[in-house]
Number of protein chains: 6
Amino acid sequence: MKSFLYPKLIPPSFVWIRPEGNTQITKVHEWIQPLSTKSNPEQTRNTDVVVVGVPLSRSSISPSGASEFPDAFRRAWKGFTTYNIDEDVDLADMTALDVGDVPMHVTDIRRCHDNIVEASATIHRNFTTSIVAAIGGDHSITAMMVKGLHWAKPREKIGILQFDTHFDLRSLADNGPSNGTPMRNLIESGVIEGSNLYNIGLHGFYNTKDLKQYADEKGVNYFTLHQSRKRGIEETVSQCLKELAEKVDTIYLTVDMDVLDIVYAPGVPVGTPGGMTTAELLKAVLTAAKHPKVKALDIVCLDPLRDTQVHTTVKLGTHVFLTFLTGVMLRKVTGTEKG
Amino acid sequence: MKSFLYPKLIPPSFVWIRPEGNTQITKVHEWIQPLSTKSNPEQTRNTDVVVVGVPLSRSSISPSGASEFPDAFRRAWKGFTTYNIDEDVDLADMTALDVGDVPMHVTDIRRCHDNIVEASATIHRNFTTSIVAAIGGDHSITAMMVKGLHWAKPREKIGILQFDTHFDLRSLADNGPSNGTPMRNLIESGVIEGSNLYNIGLHGFYNTKDLKQYADEKGVNYFTLHQSRKRGIEETVSQCLKELAEKVDTIYLTVDMDVLDIVYAPGVPVGTPGGMTTAELLKAVLTAAKHPKVKALDIVCLDPLRDTQVHTTVKLGTHVFLTFLTGVMLRKVTGTEKG
Amino acid sequence: MKSFLYPKLIPPSFVWIRPEGNTQITKVHEWIQPLSTKSNPEQTRNTDVVVVGVPLSRSSISPSGASEFPDAFRRAWKGFTTYNIDEDVDLADMTALDVGDVPMHVTDIRRCHDNIVEASATIHRNFTTSIVAAIGGDHSITAMMVKGLHWAKPREKIGILQFDTHFDLRSLADNGPSNGTPMRNLIESGVIEGSNLYNIGLHGFYNTKDLKQYADEKGVNYFTLHQSRKRGIEETVSQCLKELAEKVDTIYLTVDMDVLDIVYAPGVPVGTPGGMTTAELLKAVLTAAKHPKVKALDIVCLDPLRDTQVHTTVKLGTHVFLTFLTGVMLRKVTGTEKG
Amino acid sequence: MKSFLYPKLIPPSFVWIRPEGNTQITKVHEWIQPLSTKSNPEQTRNTDVVVVGVPLSRSSISPSGASEFPDAFRRAWKGFTTYNIDEDVDLADMTALDVGDVPMHVTDIRRCHDNIVEASATIHRNFTTSIVAAIGGDHSITAMMVKGLHWAKPREKIGILQFDTHFDLRSLADNGPSNGTPMRNLIESGVIEGSNLYNIGLHGFYNTKDLKQYADEKGVNYFTLHQSRKRGIEETVSQCLKELAEKVDTIYLTVDMDVLDIVYAPGVPVGTPGGMTTAELLKAVLTAAKHPKVKALDIVCLDPLRDTQVHTTVKLGTHVFLTFLTGVMLRKVTGTEKG
Amino acid sequence: MKSFLYPKLIPPSFVWIRPEGNTQITKVHEWIQPLSTKSNPEQTRNTDVVVVGVPLSRSSISPSGASEFPDAFRRAWKGFTTYNIDEDVDLADMTALDVGDVPMHVTDIRRCHDNIVEASATIHRNFTTSIVAAIGGDHSITAMMVKGLHWAKPREKIGILQFDTHFDLRSLADNGPSNGTPMRNLIESGVIEGSNLYNIGLHGFYNTKDLKQYADEKGVNYFTLHQSRKRGIEETVSQCLKELAEKVDTIYLTVDMDVLDIVYAPGVPVGTPGGMTTAELLKAVLTAAKHPKVKALDIVCLDPLRDTQVHTTVKLGTHVFLTFLTGVMLRKVTGTEKG
Amino acid sequence: MKSFLYPKLIPPSFVWIRPEGNTQITKVHEWIQPLSTKSNPEQTRNTDVVVVGVPLSRSSISPSGASEFPDAFRRAWKGFTTYNIDEDVDLADMTALDVGDVPMHVTDIRRCHDNIVEASATIHRNFTTSIVAAIGGDHSITAMMVKGLHWAKPREKIGILQFDTHFDLRSLADNGPSNGTPMRNLIESGVIEGSNLYNIGLHGFYNTKDLKQYADEKGVNYFTLHQSRKRGIEETVSQCLKELAEKVDTIYLTVDMDVLDIVYAPGVPVGTPGGMTTAELLKAVLTAAKHPKVKALDIVCLDPLRDTQVHTTVKLGTHVFLTFLTGVMLRKVTGTEKG
């Protein structure tokens, strides 16, 4: 085990215990299994979903405690069943593995980023057919996760579907690979083409004009929240996926929790009014997840330290993850997934 | 007075005072009158609405301060007028009586439940034509309120319309009549038939699969929030009422405040993302309240201790109650109620 | 400078500093300029937007810290770009001037009100073609701002479009010109006619019946939130503007932040359930702002002291202001404004 | 009744109800009785303690919700027994009367102040031997309560013991009789002499130098918190009382809750670091209350709207009141009071 | 394993994971070991400290989430080192075992109490020389833990040292074995003698007079907080221990977190002003823990759901526990413990 | 100006405006002047106090928003007068200059640290006789500020007086120059000798044993909070200063706000129970500030984002700063400072 994954990953800080005799899986914390030292490559081959924590947020422009989300996320599992009543599917019919966290360094952000790239590559090499879900962390991790995917599968053309209030196309020249830059990072490093990036959720007064101009130059596709609502969120997502599917082999879905209105996601570093509602985001994520080319997900910029006392945002982030998996399940159920 | 109601009920802990000379009723706290020792059975006959506090929440699976809601509810009255501008009706045209709280025991939950059954029966016997509103408390009280109604009017067939994120169909064998069990309790005790239970609002990952299977076995009718939204919340409620009205004599409406998205109701013991909005719940309650067969209401699982500092959830719970009464008023206004 | 404006206005308590060399305007705090002692009447003639703080809230019926909003509003600017991605317009193409705050007295509310009237008149006289935005303060300031406008331009007939949960038509005989009275104040003082007042957003149990009767007597036009939703918020606003435009020369838009549901605006003195959503209010404000006869705006009853720790309501109030300016920009862009 | 007190006072907004049969007084809410319409001057003669609410805080320099304290105070009674275990005395051995609130006007602060003066005079005339406790409100009420006392008993020389972070000696010329001025108000109006004012608790950076100079000119006595701690808080209080008792007939104790460190009293309009601890204030109040010449008390500047969710400051304000009464009881017990 | 402990205990819901290679113990969560299924009676014999969670709080008079403390306590371990710099001792020189939680029933409080008695007896029988620390839960658990100790060691005379704001001597006749009754429960059931109960920390207006009378009748020893402060907290504790040690074989220390001032422990169900400071409680606990006859501890009435967002009270409760263990260590270091 | 300071410093983001005619300085925000572009080296020579913001906290081990403190600190000035009533000194008799903030980079922490060193050196070279106060930021900045001082004045031997819960002596090998390492950094780089470091305030379970061993090896002097309390905080500080003064030329005082109990400083990244009280810290700081060899100060690890809604910790941090300046003033007043 140690030989193929642990050198680059540290186990989750805790594991849930199931009382003896309690054999039926009904809750998420009973279902997702930590990668144990007894695992072997053989077993991993059949894993449907791989979860990895990416606890980095010191690369965030605004102060962020998003590094605390992977652990908060794991603690939240206990509050969720594996059964989704809306879609009548039970996630427990899939296998899910928690491979732990990417190791981070306190003062060397570059080393953190390198670790993420390497971890991502390792995971994608070992779990070639699994859905990989990265739990951030700030948005800078997306560039690294996608680069890792690109390393692991250099021949696959990658497209990105991004739910975000921002373009994340800031210049790296100013402040390095911060959470304002991941999409530009990927475009400039040639990992993705601008025209294979689709952004849904831009709104209000939270992007400077020059970023829009850069987006236009690079052929980035974007649909403001207003446009998306007019057409229908689901229809917009479907249309993006359809276009992407014609151009790329693999679609990476990145959910920046700040796409939500501050009322729905108080626990993000810089929340804004006028964003998506919970219902809209969940619908968008479910729609995306059903598409067979969507192979990877990340959820970023969720800061549990700023959340309400009733954990509004942590619960929602976890719900987003499970809704994504529901979509993945539905592919199987409806046979849309062929591989 | 003492002879017919007080032995089983304790007065509210406080009463609102109206300054002398202030004779016009414009606020709810000036309108709802406490049952005084000078009341007599005669007077009670003409009461339109009876309110009773049911301050029990130690029967809740999760820690809950819902026992504090009856008092918080009474304190909130001062912030509401009796006049509903949306429907142009004045609740003050009805009479409303606050009969106080059901007495509770600290360590004997069974005795608490017995008291509720008995209080419910007493109220329904004494106020045969009144609308009875029980202010919980956790959801375990619903089973007891309905049993009391059944005791009082054994010949009336009872149906239930439930707004809830959960089935509340857990087995009583595991942990007794907790707030996870009221509907099963009523079915298994023969007070209602499974097919006369209609649940609206189920969503997400908050019910285990076996509960759905139990619901199906018993013929329970349920409409997930997604299904209800697709058809329209009002239409869904109307359809449920129409079906129920053909099968039963009396419809009991139970509103579990956790049916709301955690953003709209932060003050519930275990809030969830993805639930109803305030607008949806109010619309659903108004629609239900207009139906002449709806004779009783409860509002449960609202924990003022977890609420925001601006009392978001307590205010909403009170608004739900007043919206319900608005619907009742509209029956009168439009003459739909014949009795 | 001092000679024409400062005697009646005090400068903002602080000004934003732009680091040298940073010449491009991308954020709101870099764009809105304080009225400096070097300004002269000449320069002011071309100002598109004038902002004035009106930090009075001791005239509020309920305790209110709305007097803190002008400063909180200015501090919030840093979090907003001038570029609106939804409408693809850059506010920096207009000029905006912050003329500071109306001076207030601690214990003489009448003097405060007189100061507001005088300041409003002074501003409207000096900036005859500018849009004037008053940042409250409680709702009592509206009567004073409109009176000042009337002083400055006595021949212009004024109409009011009001987004509010309340009528604000209480009798001044009871408690003087509090925040419950501004509309009645204007009607009774003959500054506006009842039929030129349009109110959108009334809902629930927050107005007494006699206020509705007064409104009806005076011919006040109002559309409850339910009615507005049924017809469409934008359509309702457009219809009101159309009617108003036929009757008046100048339309004053007053946004009482309590028109929002308490979930969307926790930081108002007395929030209520069942109000507008953020999306609805922003749409309504944008629609109104596009109309060429809308010449003045106020935003009132936003209490930063009761806001959440992530400043939900202060951010939203600022967003409302910028959305209004976006509408003003769109008049220019689309050439609807002739002047 | 109406004839001698009600014209100037409005009853408390609610009264506590004691369930029938529950005759033993053990809690404060069972003990303090509202002035009923059946009371007569005869009965009032033997009242030991009179409580009056003074819900005015629009005269506060900083926004303040201290007007909400009288009601919050009454609601808090339920959490306190009448028995003080520290001193082994039972307050229920005294009689206490709640005469309700002084009526206030929303926009005419002068009228509010006049009402307070008149109410104070009425109370002191009717309850000549009772201890009178005014529950504020902001600190401006102290000037009015003391003036009323002076009206009622013009021959009694009055001294003041003040626990405060501030001098409250600001000039009335600037902003009228705000909460920054009460002591100057009383000195300048000749109601008290500067040398009969004793201030304990000044500290830190919260008074301008000119106020100290004014205090020195007028012979005001003050002991900073540091000085008081060095000598011992109790010793300082005792020394002040001893000096005062030699010079005046009646001592009025005014407790500005902002004398406490912000950690101990988060719910004051402008809390400061470095103030008194709870233990210090309680000790100081108890010491003062034991002195037979202390005949009146007020507790001001406690804003329940800014308090913590567990009501830290409201509970403490109530505890201060009960501690004061404990001292009064001890006079009786130890026979120091002769009358 | 299963055969001697598990039937009565359920494992903690989660266990901390130590990354491979990380062998040095520096943090508490690396030190305290869960009882694994591989443990055997042999090994347990040498355990210095046994920790057991007692997650019951539905027996609390006021609504309480103290049932959540055992898990919150375990999660807090990660924030503490095993090394105490004040006393220069390393707790890691002792062995500590977490045996999990006592199983609870949702609606049968009696069964919960029976389970606690039985679990306590089992633990004391199996870990005859270990210090046993029970993590509550509300104060009703103390009666049960002590009864279990009595069952296990019927010949040992037990005394109790109680740090509490309350007597906890309410009659069981009223509401059964609630958290207001544990000491009376033990006295009336003959498990301890009244004169072997020592209470430190009573203060203010939080006990009715009849409880003091009962305490006096039964010879209960108590020292109010004022008395204790006058004499010195440490001296008071030492004196109590000295007296107790002459009369009993085993001393049980019970720490009700509500003994603290509400400022220091906001997260208790009903906090009060005027209680102990953190420094006082820690000193008292350390003093008690050094005494060789103190064999068991409980920490009760800490409600994480009411705590601040920075976990003030949960951290303090954990610190109290570790301070207690420091005292136990010091016995060893200084050789005071002979066994 | 630009030529000697600005290249390395950016101006504060805002400046306070004084209304015209308001010439008397009474508040801190009127007193501390921003370094304007018109300043010249001449003028700076007579500056008594130089303030510099050091907004870096991405080098913190735990997520920290301490980078927000410099701005929060400047905003807090308005709430403080320049006059200290305890010591009867007016800070306005000194001159104070705010030179702005050290520029930071988002993803290159090393560059941030280099900037701090350089800025510190520049300031110390230009303001050779001024007191320099650095407003952090996290504790990693201390190593950089002291290195800068060392660069500027290489012949002066530097000693450090540290108020801290932690040693901050972690190995740099593990995670680079984080906020856990500054003292070790300075010792290992030869800037200070271990024996010239004095730490006051260590307590509880927040340092691992190996750090104590390292401290002992290097001859670091430390006094736990318990030891300091026993001897008296002031006496302990005085003794440390006396020893330091015999060994070094310049004493640098570093105040880690986490030295305070979590109750007094909720707004630090990782607060702990059992720390200093506000009164203790203020006394310690005042004592230190009076010493003529104390030439520099920093205040670190204060995270405004985690603070209470009433800004408890930000106010306290500002109070600490002003208390320090009070001590500096007292040197002048009492003539202890010769230079």
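Quick summary incoming for the structure in this document. Residue positions within a chain follow its written sequence, with the count starting from 1. Chains carry letters and ligands carry numbers; both start at the beginning, A for chains and 1 for ligands, and go up in the order they are written. Only residues with pLDDT of at least 70 get local features here, since the model is predicted, and only at 80 or more are side-chain atom pairs given and counted; chain-wide, interface and lining totals rely on the full set of residues. Hydrogen atoms and water are omitted, and side-chain values are computed over all heavy atoms in the structure.

### A look at unusual backbone geometry
For residues besides glycine, phi is generally negative; the peptide bonds are generally trans as well.
At step 1: Cis rather than trans, the peptide bond between D:Gly136 and D:Gly137 has omega equal to 10°.
At step 2: Put simply, DSSP marks the helices as runs of H or I at least four residues long and the strands as runs of E at least two long, and each gets a number from the N terminus on. On the secondary structure map, D:Gly137 appears in the loop between strand E7 (131-136) and helix H5 (140-152).
At step 3: One non-glycine residue with positive phi stands out, namely A:His311, at about 65°.
At step 4: Inspection of the secondary structure assignment puts A:His311 in the loop between strand E12 (294-300) and helix H12 (312-333).

### Notes on the relation of the copies chain C and chain F
At step 1: The copies were overlaid by least squares, fitting only the C-alpha atoms of residues that reach a pLDDT of 70 or more in each copy. For the pair chain C and chain F, the superposition axis carries a translation of 0.0 Å, the fit reaches an RMSD of 0.0 Å, and the rotation angle comes to 180°. This pairing of chains is accounted for by a two-fold axis. Of the C-alpha atoms belonging to chain C, the one lying closest to the rotation axis is found on C:Val15, 2.8 Å away.
At step 2: For this analysis, residues touch if any pair of their heavy atoms sits within 4.5 Å. Comparing interface residues between copies, 100% of those in chain C also lie at the interface in chain F; the contact surface is shared.

### Notes on the interface of chain C and chain F
At step 1: Taken residue by residue, the interface counts 18 residues in chain C and 18 residues in chain F.
At step 2: A simple way to read buried area is as the amount of 1.4 Å-probe accessible surface that goes missing from two parts once joined, with both sides added. Here chain C meets chain F over a buried area of about 1,400 Å², counting both sides, of which 57% is carbon and sulfur.
At step 3: A pairing counts as a salt bridge when a side-chain nitrogen of Lys or Arg comes within 4 Å of a carboxyl oxygen of Asp or Glu. Linking chain C to chain F there are 0 salt bridges.
At step 4: Element by element, the count of residues in the side of chain C that touches chain F is highest for strand E1 (residues 14-16) of chain C, at 3 residues.
At step 5: Residues of the side of chain C that touches chain F, tallied by class, amount to 8 nonpolar, 4 polar and 6 charged.
At step 6: As paired strands, E1(C) and strand E1 (residues 14-16) of chain F are joined by 3 bridges and run antiparallel to one another. By the bridge assignment, C:Trp16 is partnered in E1(F) with F:Phe14. The nonpolar class holds Ala, Val, Leu, Ile, Met, Phe, Trp, Tyr, Cys and Pro. Asp, Glu, Lys and Arg form the charged class, and all remaining residues, Gly among them, are polar. Pairing between strands requires that DSSP locate at least two bridges from one strand to the other.

### Describing the sheet that holds strand E8 (residues 158-163) of chain A
Residue and element names in this part refer to chain A.
At step 1: Strand order in this open sheet of 9 strands is E2-E6-E3-E7-E12-E11-E8-E9-E10, and the pairing throughout is parallel. Each of the sheet's edge strands pairs with one partner strand only, and the pair in question is strand E2 (33-34) and strand E10 (221-224).
At step 2: Inspection of the sheet shows strand E11 (residues 250-256) paired to E12 by 6 bridges, in the parallel sense. Paired with tyrosine 252 across the bridge in E12 is alanine 296.
At step 3: Fitting a line to C-alpha atoms yields each axis, with helices limited to the stretch in contact; the angle taken between N-to-C directions then spans 0 to 180 degrees. Where H12 meets the sheet, its contacts fall on strand E3 (49-54), strand E7 (131-136), E11 and E12, and the angle it forms with E12 comes to roughly 175°.

### Quick look at the sheet that holds strand E2 (residues 33-34) of chain D
Residue and element names in this part refer to chain D.
At step 1: Ordered in space as E2-E6-E3-E7-E12-E11-E8-E9-E10, the 9 strands form an open sheet in which the pairing is parallel. A single partner strand is all that each edge strand has here, and the edge strands are E2 and strand E10 (221-224).
At step 2: Relative to strand E9 (residues 197-202), strand E8 (residues 158-163) is paired through 4 bridges, and the arrangement is parallel. Paired with isoleucine 160 across the bridge in E9 is leucine 197.
At step 3: Packed on one face of the sheet, H5 meets strand E3 (49-54), E7, E8, strand E11 (250-256) and strand E12 (294-300) and runs near 165° to E11.

### Description of the relation of the copies chain C and chain B
At step 1: With an RMSD of 0.0 Å, the operation that places chain C on chain B is a rotation of 120° combined with a shift of 0.0 Å along the axis. The transformation just described matches what one would write down for a three-fold rotation axis. By C-alpha distance to the rotation axis, the residue of chain C lying nearest is C:Val263, at 4.2 Å.
At step 2: An overlap of only 8% is found between the interface residues of chain C and their copies at the interface of chain B, pointing to separate contact surfaces.

### Examining the interface of chain C and chain B
At step 1: The partner chain B presents 27 residues to the 24 residues of chain C that form the contact.
At step 2: At the boundary of chain C with chain B, total buried surface from both sides reaches about 2,100 Å², with 66% on carbon and sulfur atoms.
At step 3: Inspection of the region where chain C meets chain B yields 0 salt bridges.
At step 4: Polar contact is the term for a pair of N or O atoms within 3.5 Å; when the atoms are in protein, one must be able to donate a hydrogen and the other to accept it, and sequence-neighboring residues count only if both atoms are side-chain atoms. Applying the counting criterion to the chain C and chain B interface returns 7 residue pairs in polar contact (both at pLDDT 80 or more).
At step 5: Counting residues per element, the ones that place at least two in the side of chain C that touches chain B are helix H8 (209-218) and helix H9 (225-231) of chain C.

### Some thoughts on the nonpolar core
Side chains of a nonpolar character, in soluble globular proteins, are inclined to be buried together.
At step 1: Ranked by size, the top nonpolar core spans 398 residues in total, and within it A:Leu161, B:Leu161, C:Leu161, D:Leu161, E:Leu161 and F:Leu161 carry the most contacts.
At step 2: Once residues within four sequence positions are removed from consideration, B:Leu161 is found in contact with B:Tyr198, B:Ile200, B:Val237, B:Cys240, B:Leu241, B:Leu244, B:Ile251, B:Tyr252, B:Leu253, B:Thr254 and B:Ala288. For the purposes of this section, nonpolar cores are sets of buried Ala, Val, Leu, Ile, Met, Phe, Trp, Tyr and Cys residues that join through side-chain atoms within 4.5 Å. A simple rule labels every residue: compare its accessible area, found with a 1.4 Å probe on the protein chains alone, to the largest value its type can have, and call it buried under 20%, exposed over 50%, or partly exposed in between.

### A look at the packing of aromatic side chains
At step 1: Stacked, tilted and edge-to-face are the three classes assigned to paired rings of Phe, Tyr and Trp, where Trp is represented by its six-membered ring and a pair needs centres within 6.5 Å; plane angles under 30 degrees give stacked, over 60 edge-to-face, the rest tilted. Counted under the stated rule, the structure contains 51 aromatic pairs over all chains.
At step 2: When the centroid spacing of 4.9 Å and the interplanar angle of 90° are considered together, the rings of B:Phe73 and B:Phe321 count as edge-to-face. Taken together, the positions of B:Phe73 in helix H3 (residues 69-76) and B:Phe321 in helix H12 (residues 312-334) put the pair 248 residues apart, joining distant regions of the chain. In terms of burial, B:Phe73 and B:Phe321 fall into one category: buried.
At step 3: Aromatic ring contacts, followed pair by pair, group A:Phe14, A:Trp16, E:Phe14 and E:Trp16 into a single cluster.
At step 4: By definition here, charges over rings are those cases where NZ of Lys or CZ of Arg is within 6 Å of the ring centre and within 35 degrees of the ring normal. Geometry around C:Tyr214 places C:Arg184 over its ring, the cationic atom sitting 3.9 Å from the centre.

### Focus on the pairing of strand E12 (residues 294-300) of chain F
All names here are of chain F.
At step 1: Most of E12 sits out of view: 6 of its 7 residues are buried.
At step 2: Across 4 bridges, the pairing between strand E7 (residues 131-136) and E12 is parallel. In the strand pairing of E12, alanine 134 is matched with aspartate 298.
At step 3: This β-α-β element, strand E11 (residues 250-256) to helix H11 (residues 278-289) to E12, shows right-handed connectivity. For a crossover, the right-handed case is the one in which the path from the first strand over the helix to the second runs clockwise, viewed with the strands pointing away from the viewer.

### As for the pairing of strand E8 (residues 158-163) of chain E
Residue and element names in this part refer to chain E.
At step 1: Counted residue by residue, E8 has 6 buried out of 6 residues, so it is predominantly covered.
At step 2: Because side chains alternate across E8, one face comprises the buried residues Ile158, Ile160 and Gln162, and the other comprises Gly159, Leu161 and Phe163, equally buried.
At step 3: Sheet topology places E8 next to strand E11 (residues 250-256); 6 bridges connect them, and they run parallel. Opposite isoleucine 160, over in E11, you have tyrosine 252 as the bridge partner.

### Concerning the environment of C:Ile17
At step 1: Its location among the elements puts C:Ile17 in the loop between E1 and helix H1 (28-31).
At step 2: The exposure class of C:Ile17 is partly exposed, given its relative accessible area of 28%.
At step 3: C-alpha of C:Ile17 to C-alpha of C:Thr95: the two residues are 78 residues apart in sequence and 18 Å apart in space.
At step 4: Every residue in contact with C:Ile17, bar those within four places of it in the chain, is listed here: F:Pro11, F:Pro12, F:Ser13, F:Phe14 and F:Val15.

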